[in-house]
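An overview of the molecular structure
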Amino acid sequence: MTRHFLRDDDLSQAEQLEILELASRLKRDRFAERPLEGPRTVAVVFDKSSTRTRVSFAVGIAELGGNPLIITTANSQLGGKETPADTARVLERQVAAIVWRTFAQAGLEEMANGTRVPVVNGLSDDFHPCQLLADLLTIREHRGELAGQTVTFVGDGSCNMAQSYLLAGATAGMHVRIAAPADYAPTPSVIADAERAAERTGGSVAVFTDPQQAVAGADVVVTDTWVSMGREAETAARLEQLSRYQVNAELMELAKPDANFLHCLPADRGFEVSADVLDGPRSLIWDEAENRLHAQKALLVWLLRQA
Ligand code: CP
Ligand code: NVA
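These numbers were taken from a predicted model, which means no experiment stands behind them.

Here is what the cut-offs are and how they apply
Each chain carries its own residue numbering, running from 1 in the direction its sequence is written. The order in which chains are written sets their letters, starting at A; the order in which ligands are written sets their numbers, starting at 1. Totals for whole chains, interfaces and linings use all residues, but because this is a predicted model, local features are given only for residues with pLDDT of at least 70 and pairs of side-chain atoms are given and counted only at 80 or more. Note that water and hydrogens are dropped before the side-chain values are worked out from all heavy atoms of the structure. Only DSSP runs of H or I reaching four residues or more are called helices, and only runs of E reaching two or more are called strands; each is numbered from the N terminus. To get the radius of gyration, use the C-alpha atoms; to get the globule rule, take the number of residues to the power 0.38 and multiply by 2.2 Å. Here's how the labels work: a residue is buried when its accessible area is under 20% of the maximum for its type, exposed when over 50%, partly exposed in between, all with a 1.4 Å probe on protein chains only. We call two residues in contact when some of their heavy atoms are within 4.5 Å. Charge assignment: positive for Lys and Arg, negative for Asp and Glu; neither His nor the chain ends contribute. Taken as the charge location is NZ of Lys, CZ of Arg, CG of Asp or CD of Glu. A carboxyl oxygen of Asp or Glu within 4 Å of a side-chain nitrogen of Lys or Arg is what we treat as a salt bridge.

The next thing to look at is the overall build of the chain. Counting secondary structure elements, the chain contains 12 helices and nine strands. What you see for the chain is a C-alpha radius of gyration of 18 Å, in line with the 19 Å of a compact globule of 307 residues. By its C-alpha atoms, the chain is 55 × 40 × 35 Å across when sized along the principal axes. When burial is assessed residue by residue, the chain has 56% of its 307 residues classed as buried. Within the chain, counting contacts between residues at least 6 apart in sequence, those at least 24 apart form 76% of the total. Across the chain, the 30 positively charged side chains and the 42 negatively charged ones have centroids separated by 6 Å.

Let us look at the pattern of salt bridges. Going through the model one piece at a time under the given rule, you end up with 20 salt bridges. Of the charged contacts in the structure, one is a salt bridge between Glu21 and Arg140, with a shortest N-O distance of 3.6 Å. Linking Glu21 in helix H1 (residues 13–28) with Arg140 in helix H5 (residues 129–143), this pair joins segments that are 119 residues apart in sequence. It is possible to trace a salt-bridge network through shared partners that takes in Arg7, Asp9, Asp193 and Arg196.

Written out as structure tokens, the structure is:
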């Protein structure tokens, strides 16, 4: 049966681990899997800007033996001009999988419901699950087994990265803490879904308004931009409410002495994170960015095996 990857909890804990182990293997031996030999094509569609997602999918699809077809909404019929369902029916006759970076999660669901080929969320307003596979791979590489580790996301708790940390971290058996102002808390249904996942895996989920309390004793501290793509009109209000949530050296002092820092990038130094933390010795951001490649290759290999 076709499997899609629209949100982090589309994978069970065992499936997530299988993909992370495959990613580690592909990192050691980059051309070990060639499921797209032919070449078969994967469509990678962008309604929003991207550097990492575009590059890592293009390179990864080529390394799997395939042909990446990058489509931007500005010069296609997507983006309000044709429905996701109709687009999916056109693409599925010609491509092996569809990756889509978009706004509404509902569009991804409509696309997935309308097609027999795997659909992958390349970032939506609600979730960024490919990034989380890369983040979890990075944490495993540097800190070992995921289950039992404490990860704290500080900042815009309503953004795609915070919500994906809730779902992916809980699926991995981690203790996930979010520190955010009340107006920027995660969606209640996402918290509830993460709590259900945590019950199955032995992880836990907690939402704080106090960043100091949330970071105390954490293994990993994470943040993301205060102004996600599509939220630019809210910039002034966001900067005002979120300024107390900067990850800086003083905040990192409260985490474990060997705690690591992650950021999906692009970063705004001096806003959500100070430059000394982002560019400092505890930061794993460049490994994290590279791991997009290995994690997404593993994801595609795995999805194509299920089809
Ligand atoms: N982290 C991430 O998804 O980066 P891009 O927006 O550059 O793809
Ligand atoms: N939360 C950010 C992530 C960018 C990769 C955004 O959606 O803009």
